[in-house]
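# Structural overview for review
This is what each chain is made of:
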Amino acid sequence: MKLILLGAPGAGKGTVAKMLTALDGSVQISTGDILRGAVQAGTDLGKEAKGYMDRGDLVPDSLIMGIMEGRLQEDDCKKGFLLDGFPRTIPQAEALTELLKKLGIKLDMAVDIDVPRDVILDRLCTRRTCENGACQAIYNVKSNPPKKEGICDKCGSPVVQRADETEEAISHRLETYNQKTAPLIGFYKKAGLVKTVTGTSSDAVVAAIKGSLGL
Ligand code: AMP
């Protein structure tokens, strides 16, 4: 499957993407994970992106498109991909349309995961992430804590609160989403690609996507 997952930070895009990869071997491509990996590795990309990310601002479109042009041409994308956190602006969506045309790839759907704001705020404030850039497993202090407090079940690295998951950065990220990313729903509606799924359970979101794709 070739999907774009739209939805505010905390809507569950990453969880849904991971569940979908198990269905047909499509890969999850999360620009946030790629950028956090680059920050941790101290690459030029990471150094350039860090300030924007810590403030909850978007990284410039040119940096993101540089990442995605290469990433979408890697071999593992041939079976399909789930774009998680990309595109985030109209210029990124326009550049993606051009890139996919050039590569001869057709999208199946843009899924708008619509979750109430209070649920999102609660999820983001209680979310914790493995700080190992190669792992980045997600936990939640209330609903899914690691077995040993503060330690990742998968790789044993510290589990931390992301710098952009303080209350201040979260409300800025949500504002940025409403201003810059929510207009993508209209953009993909015009292309006849949007499927809106309202719900707070990732299982229900995945079931709705499977239904739409006839899986
Ligand atoms: P995420 O994990 O998707 O919430 O992304 C974390 C942060 O990475 C965002 O707040 C942005 O600073 C940056 N980021 C991730 N994806 C993009 C994108 N497509 N465009 C611009 N910035 C991005």
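Data block above holds the structure.
Values in this document were obtained by computation on a predicted structure and should not be read as measured data.

Okay, the overall build of the chain next. A tally of regular secondary structure across the chain gives 9 helices and 8 strands. When its C-alpha atoms are laid out on the principal axes, the chain stretches across 45 × 40 × 35 Å. Expressed as a percentage of the 215 residues in the chain, the buried residues total 42%. If you take every contact in the chain between residues at least 6 apart in sequence, the share linking residues at least 24 apart comes to 70%. Counting only carbon and sulfur atoms, one obtains 52% of the accessible surface of the chain, whose full area is about 10700 Å².

So, about the side chain of arginine 127. Among the structural elements, arginine 127 can be located in strand E5 (residues 127-130). Note on arginine 127: relative accessible area 18%, which makes it buried. If sequence neighbours within four positions are ignored, arginine 127 has contacts with Gly10, Ile138, Tyr139, Asn140, Arg162, Glu165 and Arg173.

Glancing now at the packing of helix H7 (residues 167-181) against helix H8 (residues 183-190). At a minimum axis distance of 5 Å, the contact between H7 and H8 shows a crossing angle of 30 degrees. Judged by the inter-axis angle, H7 sits roughly parallel to H8. Contact residues: Tyr177, Asn178, Gln179, Lys180 and Thr181 in H7; Pro183, Leu184 and Ile185 in H8. Per-class residue counts for the contact of H7 with H8 are 4 nonpolar, 3 polar and 1 charged.

Okay, the site of the ligand next. By nearness alone, 16 residues border the ligand, and Thr31, Arg36, Asp57, Gly85 and Gln92 come closest of all. In this structure, an oxygen atom belonging to the ligand sits 2.6 Å away from a main-chain N or O atom of aspartate 57. A distance of 3.1 Å separates an oxygen atom of the ligand from a polar side-chain atom of arginine 88. Broken down by element, the shell around the ligand gets its largest block of residues, 4 residues, from helix H2 (residues 31-41). Looking at the shell around the ligand residue by residue, the class counts come to 6 nonpolar, 4 polar and 6 charged.

The rules behind each value
Residues numbered from 1 in each chain as written. Predicted model: local features only at pLDDT ≥ 70, side-chain atom pairs only at ≥ 80, totals over all residues. Heavy atoms only, no water. Helix = DSSP H or I, 4+ residues; strand = E, 2+ residues; numbered from the N terminus. Buried < 20%, exposed > 50% of the residue type's maximum accessible area, 1.4 Å probe, protein only. Contact = heavy atoms within 4.5 Å. Areas by Shrake-Rupley, 256 points an atom, 1.4 Å probe, with all protein chains shown as cover. Axes fitted to C-alpha atoms, helices over the stretch in contact; angles between N-to-C directions. Parallel < 35°, antiparallel > 145°, perpendicular 65-115°, else oblique. Nonpolar A, V, L, I, M, F, W, Y, C, P; charged D, E, K, R; others polar. Near = heavy atom within 4 Å. Polar contact = N/O pair within 3.5 Å; in protein donor to acceptor, adjacent residues only side chain to side chain.

Worth remembering: the numbers are spatial, not functional.
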